[in-house]
Amino acid sequence: MLTRRVSLLTSSWTPTLALMLGATSWGVLWYPFRAIEAAGLPVPVATFVAYFFALILGGLVFRRAWREFLYHAKWLLAIGICAGITNVAYLVAIMEAEVVRIVLLFYLAPLWTVPLAHVILKERLTLTGYGVMLLALGGALVMLWRPELGLPLPRNKYEWMGLCAGFTFALSNVLVKGAVAVSPEAKSLSVCIGVLVVALPVAIVLTPAGQQTLSLIAPHLFLLAVVGVVLISTSMILQFGLSRLSANRAAVILLFELIVAAAAAHYLAGEITRTMDWIGGAMIVSAGVFATIAEP
């Protein structure tokens, strides 16, 4: 009986904790990219190199997953392209605009997840589910609302990129949930490939002509390799959580990144964190807890 209770608790909380850990990772991963860009290396180039390391490591460790690309090419292609757009758009936007605002626009993802999960996965939200989603989005709006800035809508191209990244993030999460026959390892490799495909042309366009890109990359190779290891590890953790929870529930739990990003922006980038940010963050954490408790 005790073993059964422990098993139920683990099955309920482990995927949630996995998503929260992945959200924590992404809540701070923007900082090394910002530091590298400040040193002169454009973030699309840094993104390409970091994910190249991630793909090499993942490809070696999960080498058996490559065969799945023969049987599930459509799913993996769709997941990869959506993830590529998500990562590149998010990182470029967060380099050029206020961290918390970009992350908040990005994490309006639950708004997109509901219709996407309904159309693709045939998921339906219960009344409790709608309540949890509204609580989480209410928390996001509390954190985002600044009277001097007006409505919490995109104000420039970078904020629109953040919003676009949120939509493709929601779509990729729904696709990850839908690809039930595909292993988390193969999905993680497809994410790396998708980011490389999207980042390369962006890096070429945004790198100033005449710059010796290799000489810019060299001083940051070790840091980018470490980031690559973190990226593939984070991807695996997220695939585990996303594959075991409903898309709508996962979208709510992933809002935990807002709190991590707000704290990181305050302590690492000197951005001012208001009382309203912490109130909104508490609402988001509460939504994540209720989402875990309410859904069997």
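See the structure printed just above.
All figures in this text were calculated on a predicted structure; none of them were measured in a lab.

Chemist: What's the story with empty space enclosed by the protein in this structure? I'm lost.
Modeler: Taking a probe equal in size to a water molecule and rolling it over the atoms shows the remaining empty space. A full pass over the atoms with the stated rule returns one cavity of 30 Å³ or more. One number sums up the size of the largest cavity: a volume of about 300 Å³. In terms of lining, the largest cavity is formed by 22 residues, of which the most central are Trp 26, Asn 87, Phe 169, Val 191 and Leu 238. Among the secondary structure elements, those contributing two or more residues to the lining of the largest cavity are helix 4 (73-96), helix 8 (157-178) and helix 11 (221-244). If you tally residues by element for the lining of the largest cavity, the top one is helix 11, at six residues.

Chemist: Could you clarify how one ought to interpret the packing of aromatic side chains in this entry?
Modeler: Two aromatic rings, taken as a pair, are described by how far apart their centres are and by the angle between their planes. If you walk through the whole model with that rule in mind, you get six aromatic pairs. Relative to Tyr 31, the ring of Trp 30 has its centre 5.7 Å away and its plane inclined at 85 degrees; by these criteria the two rings are edge-to-face. According to the relative accessible area criterion, Tyr 31 is partly exposed, its value standing at 33%. A centroid spacing of 5.0 Å and a plane angle of 40 degrees characterise the contact between Phe 106 and Phe 169, whose relative ring orientation is tilted. Here Phe 169 lies in helix 8 and Phe 106 lies in helix 5 (residues 99-106), a separation of 63 residues in the sequence. Of the two residues, Phe 106 and Phe 169, neither departs from the other in class, the shared state being buried. Among the aromatic residues, those joined into a ring-pair cluster are Trp 26, Tyr 90, Phe 106 and Phe 169.

How each quantity is defined
Residues numbered from 1 in each chain as written. Predicted model: local features only at pLDDT ≥ 70, side-chain atom pairs only at ≥ 80, totals over all residues. Heavy atoms only, no water. 1 Å grid on protein atoms, 1.4 Å probe; cavity = no way out; pocket = protein on both sides within 12 Å on 5 of 7 lines; lining within 4 Å. Points joined across faces, edges and corners; volume = space filled by probe spheres on them. Helix = DSSP H or I, 4+ residues; strand = E, 2+ residues; numbered from the N terminus. Phe/Tyr/Trp six-rings, centres within 6.5 Å; stacked < 30°, edge-to-face > 60°. Buried < 20%, exposed > 50% of the residue type's maximum accessible area, 1.4 Å probe, protein only.

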